[in-house]
Amino acid sequence: MATAFILRNLFRARPALRSPPAELLWAPRRGHRLTPADDELYQRTRISLLQRESPLAMYIDSYSSRGFVVNGNRVFGPCALFPQSVVQWNVGSYQDITEESFSLFWMLEPRIEIVVVGTGDRTERLQPRVLRAMRQRGIAVEVQDTPNACATFNFLCHEGRVTGAALIPPPGGTALTSQAQAAE
């Protein structure tokens, strides 16, 4: 009798091997199709080019301590970039930037929305009265170091914004060359 009691408790302690319920055998199905249906195989996709990039847009290809390459043209020294032109900018450093040196930007039509200023290899503060004069004329000013100012100008031009840039080349060994220049 004692052996029967022990054997009965042994079988109770061991987990029963039962078959899993039917709910666990069912695998969830995806809510979307991974392959196209028959009618989708014969449909064509048409792409229309709505707008081509403007060939007149200004892009800074590269810069060095001597100047810039803008749309493939070399510009030596500080320069002012406008939506469709480039001019030499008569400043030597960020300390030479005055209301008069920015007057180019508010005389143009169409009005420039933002001027990106590159102050060399470091971001420098411009005189408050210069910034105030630009703000009073409705022109935003973004002051950055020249490498970042070049990138910002290119980005804003690519967005189609009416943008100007006032750039002072970074001194020393700071340079960005395009692939075409590196091949030469």
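This text goes with the structure placed above it.
Summary of the structure given here. All figures in this text were calculated on a predicted structure; none of them were measured in a lab. (Residues numbered from 1 in each chain as written. Predicted model: local features only at pLDDT ≥ 70, side-chain atom pairs only at ≥ 80, totals over all residues. Heavy atoms only, no water.)

## Topic: the nonpolar core
Move 1: Grouped together as the largest cluster of nonpolar side chains are 18 residues, with contacts concentrated most on Trp-89, Ile-97, Phe-102, Phe-105, Val-115 and Val-117.
Move 2: If you list the elements that add at least two residues to this core, you get strand E4 (79-82), helix H4 (99-106), strand E6 (114-119), helix H5 (128-136) and strand E8 (163-168).
Move 3: Examining the composition of this core, we find that three residues originate from one element, H4, more than from any other.
Move 4: Look past the residues within four positions of Val-115 in its chain and what remains in contact with it is Phe-102, Phe-105, Met-134, Ile-139, Ala-140, Val-141, Glu-142, Gly-164 and Ala-166.
Move 5: Judged by nonpolar contacts, the second largest core, of 17 residues, contains Val-70, Ala-149, Cys-157 and Ala-165. (Core = buried A, V, L, I, M, F, W, Y, C linked by side-chain atoms within 4.5 Å. Buried < 20%, exposed > 50% of the residue type's maximum accessible area, 1.4 Å probe, protein only. Helix = DSSP H or I, 4+ residues; strand = E, 2+ residues; numbered from the N terminus. Contact = heavy atoms within 4.5 Å.)

## Observations regarding the sheet that holds strand E3 (residues 73-76)
Strand pairs in the sheet, formed through backbone hydrogen bonds, run parallel or antiparallel to each other.
Move 1: Read across the open sheet, the three strands follow the order E1-E2-E3; overall the sheet is antiparallel. Looking at the sheet topology across the chains shown, the edges are occupied by strand E1 (60-63) and E3. This sheet shows a mean twist of 25° between the axes of neighbouring strands, independent of strand direction.
Move 2: Both E1 and strand E2 (residues 67-70) contribute to a ladder of three bridges, which runs antiparallel. If you follow Ile-60 over to E2, its bridge partner there is Val-70.
Move 3: Packing against the sheet, helix H6 (residues 146-158) makes contact with E1 and E2, and its axis sits at approximately 175° to E1. (Pairing = 2+ DSSP bridges. Axes fitted to C-alpha atoms, helices over the stretch in contact; angles between N-to-C directions.)

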